[in-house]
Amino acid sequence: VQLVESGGGLVQAGGSLRLSCAASGSAIRAYTMAWFRQAPGKEREYLAAATWNGDSTYYADSVKGRFTISRDNAKNMVYLQMNSLEPEDTAVYYCAARPAHLSVAVSTGYDYWGQGTQVTVSP
């Protein structure tokens with residue numbers, strides 16, 4: 001499956017952005033979909049994940065209550081709605097997919113990645 005993120009940009013603190021991930025080559029209903037981010041000099045962070053039907057989700061503590069992952073299997077799309085953004089959210093955000101046989105709380109096993117989209121939050 002090929003993944004392409006979009007929707008990143010520059011936003012002021014307190015603002016919102018919605019990231020999109022367009023999948024092709026395979027139907028995403030067979031995959032757990034997730035969002036990661038990586039800031040300069042920091043390790044990649046597992047942010048959010050959703051099972052094929054969205055019934056089970058995971059959120060990192062750093063984004064819980066502010067970010068929401070959703071998916072539209074019919075459109076082969078995954079989204080990350082980001083509210084109340086903070087300068088600390090500045091990073092490159094990546095969409096990822098893995099076969100749906102692990103708990104969403106598990107951050108490993110993601111075989112497919114997008115190229116990333118930059119999100120910059122100004123003070």
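To start, this report covers the structure provided alongside it. (Residues numbered from 1 in each chain as written. Predicted model: local features only at pLDDT ≥ 70, side-chain atom pairs only at ≥ 80, totals over all residues. Heavy atoms only, no water.)

### Observations regarding the state of the cysteines
How we decide: Any cysteine sulfur atom paired with another within 2.5 Å is treated as part of a disulfide. Secondary structure elements are defined from DSSP: runs of H or I of at least 4 residues count as helices, runs of E of at least 2 residues count as strands, and each element is numbered from the N terminus.
Following the criterion strictly, the structure yields one disulfide and no others. Across a sulfur-sulfur distance of 2.1 Å, Cys 21 and Cys 95 are joined as a disulfide pair. Between Cys 21 and Cys 95 the sulfur-sulfur dihedral comes to about -80°; the bridge is accordingly left-handed. Residue Cys 21 is found in strand β3 (residues 17-24), and its partner Cys 95 is found in strand β9 (residues 91-99); the two are separated by 74 residues along the sequence.

### Some points on the environment of Thr 120
Let me state the cut-off plainly: Residue contacts follow a heavy-atom distance rule, with two residues in contact if any of their heavy atoms lie within 4.5 Å. Counted as a polar contact is a pair of N or O atoms within 3.5 Å, where, for protein atoms, one must be capable of donating a hydrogen and the other of accepting one, and residues adjacent in sequence contribute only when both atoms are in side chains.
With respect to the secondary-structure elements, Thr 120 resides in strand β11 (residues 117-122). Separated by 61 residues in the primary sequence, Thr 120 and Tyr 59 place their C-alpha atoms 20 Å from one another. Ignoring anything within four residues of it in the chain, the contact list for Thr 120 reads Gly 9, Leu 10, Val 11 and Thr 90. At 3.3 Å, the side chain of Thr 120 and the side chain of Gln 118 are in polar contact.

### Digging into the pattern of salt bridges
The cut-off we apply is this: Here, a salt bridge means any Lys or Arg side-chain nitrogen found within 4 Å of an Asp or Glu carboxyl oxygen. Burial status follows relative accessibility: with a 1.4 Å probe on protein chains alone, a residue under 20% of its type maximum counts as buried, one over 50% as exposed, and anything between as partly exposed.
Per the stated rule, a full pass over the model turns up four salt bridges. Arg 37 serves as the salt-bridge partner of Glu 45, at 2.8 Å between the closest nitrogen and oxygen. Here Glu 45 falls in the partly exposed class, since its relative accessible area comes to 25%. Close ionic contact of Asp 61 with Lys 64 constitutes a salt bridge, the shortest N to O distance being 3.2 Å. For the pair shown, Asp 61 and Lys 64 are each scored as exposed. Residues joined in a network through salt bridges with shared partners are Arg 37, Glu 45, Arg 66 and Asp 89.

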